Amino acid sequence: MKLAGVTVLFNPDEKVESNIKSYIDELDILYVVDNTPKVDNKKNFCFNKKIVYIPNKKNLGIAKALNIGATHALKEKCDWLLTMDQDSRFEKKSLKKMLEYICKNMNKAKFDKVGIISPFHRTVQNKDIKPKGIEKPLIVMTSGNLVNLKVYKEINGFKDWLFIDAVDFDFCLNMRKNGYEIIQLNSCILNHELGNTEKKSFFGKIMYVSNHSAFRRYFIVRNRYYICDMYKKDFPIYCKAEKNMTKHEILRIVLYEKDKKNKLREMYRGYKDYKNGIKGGYHGEM
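No experiment lies behind these values; they were computed from the predicted model shown. (Residues numbered from 1 in each chain as written. Predicted model: local features only at pLDDT ≥ 70, side-chain atom pairs only at ≥ 80, totals over all residues. Heavy atoms only, no water.)

*Asks:* How do you make sense of the overall build of the protein when you look at a structure like this?
*Replies:* Within the protein one finds 8 helices and 11 strands. Compactness check: the protein gives a C-alpha radius of gyration of 19 Å against a globular reference of 19 Å for 286 residues, within 12% of the reference. Along the first, second and third principal axes, the C-alpha atoms of the protein reach 50 × 45 × 35 Å. Counting every position in the protein, which comprises 286 residues, the buried fraction comes to 50%. The long-range fraction of contacts in the protein, counting pairs at least 24 apart against all pairs at least 6 apart in sequence, stands at 73%. As displayed, the protein offers around 14,700 Å² of accessible surface, 52% of which is attributable to carbon and sulfur atoms. One finds the centroid of the 54 positive side-chain charges in the protein at a distance of 3 Å from the centroid of its 34 negative side-chain charges. (Helix = DSSP H or I, 4+ residues; strand = E, 2+ residues; numbered from the N terminus. Rg over C-alpha atoms; globule rule 2.2 N^0.38 Å. Buried < 20%, exposed > 50% of the residue type's maximum accessible area, 1.4 Å probe, protein only. Contact = heavy atoms within 4.5 Å. Areas by Shrake-Rupley, 256 points an atom, 1.4 Å probe, with all protein chains shown as cover. Lys, Arg positive; Asp, Glu negative; His and termini not counted. Charge placed at Lys NZ, Arg CZ, Asp CG, Glu CD.)

Structure follows, in structure tokens:
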């Protein structure tokens with residue numbers, strides 16, 4: 001089994017090197033795809049010979065960056081692709097255990113229907129949870145996943161036009177729609193930072209506030225409605241819950257977040273662009 005990885009960068013900080021070191025030993029090659037505008041960070045990624053640094057010199061979006069890594073991995077005849085955000089790191093031996101699971105099961109009849117092997121994503125919201133066993137979730141976040149590249153090819157990879165936000169959810173739903181499944185190994189832990197998330201109390205009920213920028217709010221709303229259109233027949237309960245999330249996010253912004261006016265305006269613009277069929281980068285720009 002040949003294993004590649006792709007790590008997507010955007011204005012990376014000094015934590016990236018230590019994060020990469022938590023998983024690179026298990027890889028045959030790592031593609032570091034940099035979306036930082038007008039910058040070449042190659043000098044910061046010479047610490048390991050397995051790294052192939054790819055500067056885009058502009059923000060092409062996470063979907064495009066992941067596809068660039070996957071395309072290179074397929075040319076190298078890799079079987080699986082580890083997809084990583086710059087702000088994630090594996091706990092000791094977690095990735096190794098995920099690879100051992102593949103090696104142990106890869107010759108079993110049903111294993112060819114597995115599209116993703118995922119770790120448990122530890123975030124500020126679930127830091128006190130100690131999960132056990134194996135689950136088969138509907139969707140998982142991109143970072144820390146081992147993606148079956150045969151399945152990736154069959155479903156035509158990640159959708160570039162989503163740009164950022166919901167890229168991972170679309171990939172999972174598309175994969176599930178085509179008869180593949182996700183295996184989540186709860187004994188394998190990925191520590192994942194979700195922006196500037198804060199814990200708040202609302203009439204005794206705990207709420208988590210993401211503090212996403214107005215820029216991100218545009219994509220979250222726009223892409224959410226596109227995904228619900230694409231998958232409402234196959235996953236109606238998920239799509240209904242996603243649409244309801246917009247109301248909850250508006251409430252959190254009004255109650256707790258800064259820059260309220262800009263965030264709410266961009267959410268409206270995202271919905272308006274969805275209605276007008278605009279895709280790609282910010283307001284359709286690429």
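*Asks:* Would you explain the packing of aromatic side chains in this entry?
*Replies:* Given two aromatic rings, one states the distance between the centres and the angle between the planes to describe the pair. A full pass over the atoms with the stated rule returns 19 aromatic pairs. Centre to centre, the rings of Y226 and Y274 are 5.3 Å apart; their planes meet at 80°, and the pair counts as edge-to-face. Of the two residues, Y226 is situated in helix α6 (residues 214–231) and Y274 in helix α8 (residues 260–275); the sequence distance between them amounts to 48 residues. Here Y226 and Y274 have matching classes, each one buried. Ring plane angle 50° and centroid distance 6.4 Å describe the contact between Y231 and F235, whose orientation is recorded as tilted. By relative accessible area, F235 is classed as buried at 15%. Each member of the aromatic cluster is reached from another via a ring pair, and the members are W161, Y225, Y226, Y271 and Y274. (Phe/Tyr/Trp six-rings, centres within 6.5 Å; stacked < 30°, edge-to-face > 60°.)

*Asks:* Hey, could you run me through the layout of surface pockets in this one?
*Replies:* Space left empty within the atom packing is revealed by a probe, the size of a water molecule, rolled over the atoms. One number sums up the size of the second largest pocket: a volume of about 350 Å³. When residues in the lining of the second largest pocket are grouped by element, the largest group, 5 residues, is from helix α4 (residues 149–154). Of the residues contributing to the lining of the second largest pocket, the split by class is 9 nonpolar, 1 polar and 5 charged. (1 Å grid on protein atoms, 1.4 Å probe; cavity = no way out; pocket = protein on both sides within 12 Å on 5 of 7 lines; lining within 4 Å. Points joined across faces, edges and corners; volume = space filled by probe spheres on them. Nonpolar A, V, L, I, M, F, W, Y, C, P; charged D, E, K, R; others polar.)

*Asks:* Please explain the side chain of D168 as it appears in this structure.
*Replies:* Mapping D168 onto the fold places it in helix α5 (residues 167–177). Among buried Asp, Glu, Lys and Arg side chains, D168 stands out as unpaired, with R216 the closest opposite charge at 8.4 Å. (Salt bridge = Lys/Arg side-chain N within 4 Å of Asp/Glu carboxyl O.)

*Asks:* For this particular structure, what's the right way to read the pattern of salt bridges?
*Replies:* Once the charged atoms of two side chains with opposite charge are near each other, the side chains can pair. Tallied over the full model, the rule gives 15 salt bridges. Here R224 makes a salt bridge to E249, at a shortest N to O gap of 2.7 Å. Of the two residues, R224 sits in helix α6 while E249 sits in helix α7 (residues 236–256), which places them 25 residues apart along the sequence. Take R224 and E249: they sit in the same class, and that class is buried. In this structure, the salt-bridge partner of E257 is K263, at a minimum N-O distance of 2.6 Å.

*Asks:* Can you help me understand the packing of α5 against α6 in this one?
*Replies:* The packing of two helices is summarised by the inter-axis angle and the distance between the axes. With their axes 11 Å apart at the nearest point, α5 and α6 run at an angle of 5° to one another. The pairing of α5 with α6 is recorded here as roughly parallel in orientation. Contacts between α5 and α6 involve D170, L173, N174 and K177 on the former and, on the latter, I227, M230 and Y231. (Axes fitted to C-alpha atoms, helices over the stretch in contact; angles between N-to-C directions. Parallel < 35°, antiparallel > 145°, perpendicular 65-115°, else oblique.)

*Asks:* Is there a simple way to explain α5 in this structure?
*Replies:* Along an α-helix, a turn takes 3.6 residues, which lines up residues three or four apart on a common side. Counting buried residues in α5 gives 8 out of 11 residues, a clear majority hidden from the surface. For α5, the complete set of buried residues consists of V167, D168, D170, F171, C172, L173, N174 and M175. G179 sits one or two residues past α5 and shows a positive phi near 95°.

Nothing here speaks to function; it is geometry throughout.
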